[in-house]
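Understanding the architecture of this molecule
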Amino acid sequence: MSAGDENTGNRAGAMAFLIRTTSFTADGRELVRSATIAKPQIRVGRSAECDIHLPDLAVTPDHARIERIDARRIAVRATGTLGFDVDGRPSQSAEIDSATGAELRFGGHRITVSRSDADEVVLSVQRTEAVSDAAEERDEHQVFSLAGTMIGKRPLAWAAVVLILLAFLAVPIASYLSRPREDTRNIYAVMKQRGPAKDVVLGDSSWSSGPLSKAHHGLEGKCESCHTQAFVSVRDSACKTCHTDVHDHARPERIAQARAEAGLGGRLLASVAHAFGKPGPGACVDCHREHEGAGPMQPTPQIFCADCHATLDSRLTDTKIGNASDFGTDHPQFRPLVMVQPGKHPRFERIALDRKPMDDSGLKFPHALHLSRTGGVARMAQRLGAEQGYGDALACKSCHTPTSDGVRFKPVDMETNCQACHSLGFETIGGVTRTLRHGQPDQVIADLRAFYRSTGPTVPIQLGGMARRRPGDYAQGKVYHAYFGAVAARPNGADAAIAAVFSKGGACYDCHTVTPPGVNSATGWTVLPVHQTMRYMQKGWFDHAAHKTEKCESCHATTTSTKATDLLLPDLKSCRECHGGEKSRSDVPSACALCHSYHMDEGAPWVSHVGSSAVGPEQKRKKPTAERAADLP
Amino acid sequence: MATRASSTHTPRAKGETLHDGFLRHAGFRWAKIAGGLSLLLVVSYALIDITPRHNGGSWYGYTLGTIGVGLILWLTALGLRKRAMTTGRWSLKAWTSAHVYLGLSLIVIGTLHTGFQFGWNVHTLAYGLMMLVILSGLYGITVYTVLPRALSSNRSEMTQGQMLDALRAIDRQLHDAAQPLAQEDAALVRMSLDQDPFGGGLWRRLTGNHRDCVTTQAHRELRRATSTRPNLGNDPLEKVDALLDRKEAMLAQLRRHLRLRALLEIWLYVHVPATFALLAALTAHIVSVFFYW
């Protein structure tokens, strides 16, 4: 400040304002201009006529008045509605002691009130805000890129990493390690603990690679039931905690011998699997794969069987089992267990169907005669149809009754299935027909002797064979006397009647093999015991219920069979009309497990109930309802 | 980028480099390698009979998984490699070319590794993140190919600093021109001056939608006043009006620039963090598989 200014200040100090305006040059240098205004009142505003001219659009053209009240104090008063800030507080008017000082703010300008040594009121004016937002200092790299708008890549990455590692790794592992030790390792115990169970490992369901099969659904989320040890693959012992009665396919040493030597790739895979601690070949999980999706467990593919059975004879040189690798292309002929010698002590043998084996049950029965649509049997069926439920001729179901599960058929029973036509009645007393006892030759002989001893036969007994009968006259409960009239007239009729019953043309002889007295040192008449085979295929499984859309005759050649010893089983070729190998284009692609069970027992292979191939073709080959109903046994 | 500088057959002098983008590097060498690998894997997937069905837990699945994780780690290493700019056989360009094409082949490797079995689990999370990384990378390549031309034509020889300076100059003139205005009009101008040209958030940046721009609003309001009066040349409002016109044009250019840059940059905000998320999910995936082995 120059000396002249000070002089002016001293003179006019009582009433003057000293205005100091600070501005900055482009290169940031500070410029201060001072002016003394010797007025008791000055104007503040944007208008150029104002004493303190603030080029600020936030300031009205005539914004405020500053007035001196006395030597020290000034009054600031807004002229319009827009006020100003005094020491940061919005205000319309204020009284300020210049000795104490204050800071006024008008828009983007600051006016500092102070007092000079010469008792002037000093108003220091300075622009504090830039002209515009754009004019403010900016980091070009920040504002032009997304860096100014986005959260940084690094914090984003760290947040994601920490979150994922916590949720999917740290929590499950910590929960696994801190789970209670008294783990029962049993599906039933585990399921009992469902609900607020204590031993649930938190978050490990996110590790599951897929849903468990239907049978193991109860173990969902109970990973540690099977994955008993960390970093140790599932062992057979885990399966056997529940599956206690699973037995092996064969003796372990036989299986080891039978297993094919792996090729180079196979050996490499095996060594890698071994290095990673996978259980050796033949482990439960080799065939029974889990986490393959909800629903039934996937059937075991045929390759698991073919691995050994395709070339079994080259390693198990003493085996009687033929090589098999694919049902459609490489499967031995069926070898049903047939009865080669009937009798009290029958002898069974497995004979391939190619050798046309005979199955001698001990019975005489021509299928063709019984199923013929013409002739005596058909007439008989027509007459008895209403009562017995026969049609125009006998059908398979007239005599063969399926078992309750529909898998196979009950043995044919004389009383239930034959007697409707083949009556053993010999006398009617008071409306009740007396019948010879089937299956008890001694009782038959005794009953006949008693018949002749008691009274002279006024009515001859009915015991003839079927050859000379007239249709309809000899149904159960009726007595036929054409033949035995002559017999009854003879003296000592009992022995003759007994011989007649057991001999050719007699009631027993027609169906049974009868040995007269004296043969094979027998003292009396003997009837060869009858055995009916319930299951010919002992090593495979056949379910009649699954084939009920087929007619019986499409597999069983009954209409041409004239002897009971004819084995009416369909052969391999017949089955292959519908069934082929697992990957074949046949109607029913069939893996080994459709008929065979690795863990073989009396029951069906487990897969036959759930395998999709068992359902699909049935739907595909559905016949009209009426036809199906007629076929049903 | 990605354009062959010359198709003439003049032989190159020793040491001379012809500009060749990383996509076309060495006659698409890495595209061929990655394509061949993918084809091989697709064919082998179809031919190799895995029972009961393909999944990550078969020998084939483990093989694919091992290839996949190795590839992912190598691809991530580009982040380190790019900091050392070198030329020659293992040049950064070759590396980037391989990064792009082998990264794309990871779609095939990863998908076949899953055996198309997906679920709400950490394994599918890792797969999803991998696909996110790959797809964001694919987006990145696309915008790098398409946008720089648009960016350069929009700049019309101006640098970013010049654009900002131009805006500042208009603002200064606006500020001066508005001094004589009445308070109401001055407030409108001040609204425009106080506007942050870089404001508006990510969505505005990416879409370029600035319909509620205050400069436009201020301009519209002032226009309403000036349109009914004759322009006599001495109305300060007319001057402000003209300046606001210029400011709007300048803002539009700046915003186009910002939008193009945002579109060019946004994929890295997905690609990089998702890569690290993928590495974490991959760790959880691998550890969990062997934990419940």
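Since the structure is predicted, the reported quantities are computational estimates derived from the model, not experimental observations.

1. Some points on the overall build of chain A
A tally of regular secondary structure across chain A gives 22 helices and 20 strands. Across the 633 residues in chain A, those meeting the buried criterion constitute 34%. Long-range contacts, defined here as pairs at least 24 residues apart, represent 50% of the contacts in chain A between residues at least 6 apart. Only carbon and sulfur atoms are counted for the fraction: they give 55% of the accessible area of chain A, which is about 35,300 Å².

2. Points about unusual backbone geometry
One non-glycine residue with positive phi stands out, namely Lys356 of chain A, at about 45 degrees. Checked against the element boundaries, Lys356 of chain A lands in the loop between strand 14 (347-350) and helix 11 (367-371). The phi dihedral of Ser156 of chain B is positive, around 40 degrees, even though this residue is not glycine.

3. Things to note about the UniProt feature "transmembrane region" (unreviewed entry) in chain B
All names here are of chain B. According to UniProt, the "transmembrane region" (unreviewed entry) feature falls on residues 30-48, 60-80, 100-120, 126-147 and 266-292. For residues 100-120, helix accounts for 71% and strand for 0%, while the C-alpha atoms at its two ends are 29 Å apart. The span residues 126-147 is 100% helical and 0% strand by assignment, and the distance between its end C-alpha atoms comes to 31 Å.

4. Description of the interface of chain B and chain A
If you look at the interface, chain B gives 62 residues, while chain A gives 66 residues. Approximately 5,500 Å² of surface area, both sides summed, lies buried where chain B meets chain A, with 66% of it carried by carbon and sulfur atoms. When residues of chain B are sorted by the area they lose upon contact with chain A, Phe291, Tyr292 and Trp293 of chain B head the list and together hold 18% of the total. The interface formed by chain B and chain A includes 2 salt bridges.

5. Some remarks on the sheet that holds strand 11 (residues 109-115) of chain A
Residue and element names in this part refer to chain A. Spatially, 2-1-12-11-10-7-8 is the arrangement adopted by the 7 strands of the open sheet, whose pairing is mixed. In this open sheet, the two edge strands, each paired with only one partner strand, are strand 2 (30-37) and strand 8 (89-91). With direction set aside, neighbouring strand axes in the sheet form an average angle of 25 degrees.

6. Re the nonpolar core
Membership of the largest hydrophobic core comes to 36 residues, with the highest contact counts inside it found for Ile72, Leu106 and Met130 of chain B. Broken down by element, the residue count for this core peaks at 8 residues, all from helix 5 (residues 122-155) of chain B. Grouped together as the second largest cluster of nonpolar side chains are 25 residues, Val44, Val59, Val76 and Val86 of chain A included.

7. Side note on the domain arrangement of chain B
Residue and element names in this part refer to chain B. Annotation of chain B at the domain level lists domain 1 (25-156 + 267-291) and domain 2 (160-265). Taking the mean C-alpha position of each, domain 1 and domain 2 sit 46 Å from one another. Counting residues at the interface gives 12 residues for domain 1 and 9 residues for domain 2. On the domain 1 side of the contact with domain 2, Leu147, Leu151 and Asn154 bury the most area, a combined 54% of that side's loss. Scanning the region where domain 1 abuts domain 2 turns up 8 residue pairs in polar contact (both at pLDDT 80 or more). Elements represented by at least two residues in the side of domain 1 that touches domain 2 include exactly helix 5 and helix 10 (236-291). Top element by residues in the side of domain 1 that touches domain 2 is helix 5. It accounts for 8 residues. Taken together, the residues that form the side of domain 1 that touches domain 2 break down as 9 nonpolar, 2 polar and 1 charged.

8. Some thoughts on the pattern of salt bridges
Residues and elements named next belong to chain A. Scanning the entire structure with this criterion turns up 21 salt bridges over all chains. Lys39 is the partner of Asp51 in a salt bridge, and the nearest nitrogen-oxygen pair spans 2.9 Å. Pair noted here: Asp51 is in the loop between strand 3 (41-45) and strand 4 (52-53) and Lys39 is in the loop between strand 2 and strand 3, with a separation of 12 residues, a long-range link. Residue class for Asp51 comes out partly exposed when judged on its relative accessible area of 21%. Judged by relative accessible area, Lys39 falls into the partly exposed class, the value being 37%. One salt bridge connects Glu95 with Arg73, and the closest N-O pair in it is separated by 3.0 Å. Of this pair, Glu95 sits in strand 9 (residues 93-97) while Arg73 sits in strand 6 (residues 73-78), and the two are 22 residues apart along the sequence.

9. Let's talk about the packing of aromatic side chains
Aromatic ring pairs are reported here in terms of the distance separating the ring centres and the angle at which the planes meet. Inspection of every chain in the model, using the stated rule, returns 20 aromatic pairs over all chains. Feature note: the residues Tyr176, Trp207 and Phe231 of chain A together with Phe291 and Tyr292 of chain B constitute an aromatic cluster, connected by ring pairs. In this arrangement the basic side chain of Lys278 of chain A is found over the ring face of Trp293 of chain B, its NZ or CZ atom lying 4.3 Å from the centre. A cation over a ring is seen here: Lys364 of chain A above Tyr509 of chain A, with NZ or CZ 3.6 Å from the ring centre.

About the criteria used
- Residues numbered from 1 in each chain as written.
- Chains lettered and ligands numbered in written order.
- Predicted model: local features only at pLDDT ≥ 70, side-chain atom pairs only at ≥ 80, totals over all residues.
- Heavy atoms only, no water.
- Helix = DSSP H or I, 4+ residues; strand = E, 2+ residues; numbered from the N terminus.
- Buried < 20%, exposed > 50% of the residue type's maximum accessible area, 1.4 Å probe, protein only.
- Contact = heavy atoms within 4.5 Å.
- Areas by Shrake-Rupley, 256 points an atom, 1.4 Å probe, with all protein chains shown as cover.
- UniProt positions renumbered as here; feature names shortened; annotations may be inferred.
- Buried area = accessible area lost by both parts, 1.4 Å probe.
- Salt bridge = Lys/Arg side-chain N within 4 Å of Asp/Glu carboxyl O.
- Pairing = 2+ DSSP bridges.
- Axes fitted to C-alpha atoms, helices over the stretch in contact; angles between N-to-C directions.
- Core = buried A, V, L, I, M, F, W, Y, C linked by side-chain atoms within 4.5 Å.
- Domains from an automatic or database assignment.
- Polar contact = N/O pair within 3.5 Å; in protein donor to acceptor, adjacent residues only side chain to side chain.
- Nonpolar A, V, L, I, M, F, W, Y, C, P; charged D, E, K, R; others polar.
- Phe/Tyr/Trp six-rings, centres within 6.5 Å; stacked < 30°, edge-to-face > 60°.
- Lys NZ or Arg CZ within 6 Å of the ring centre and 35° of its normal.

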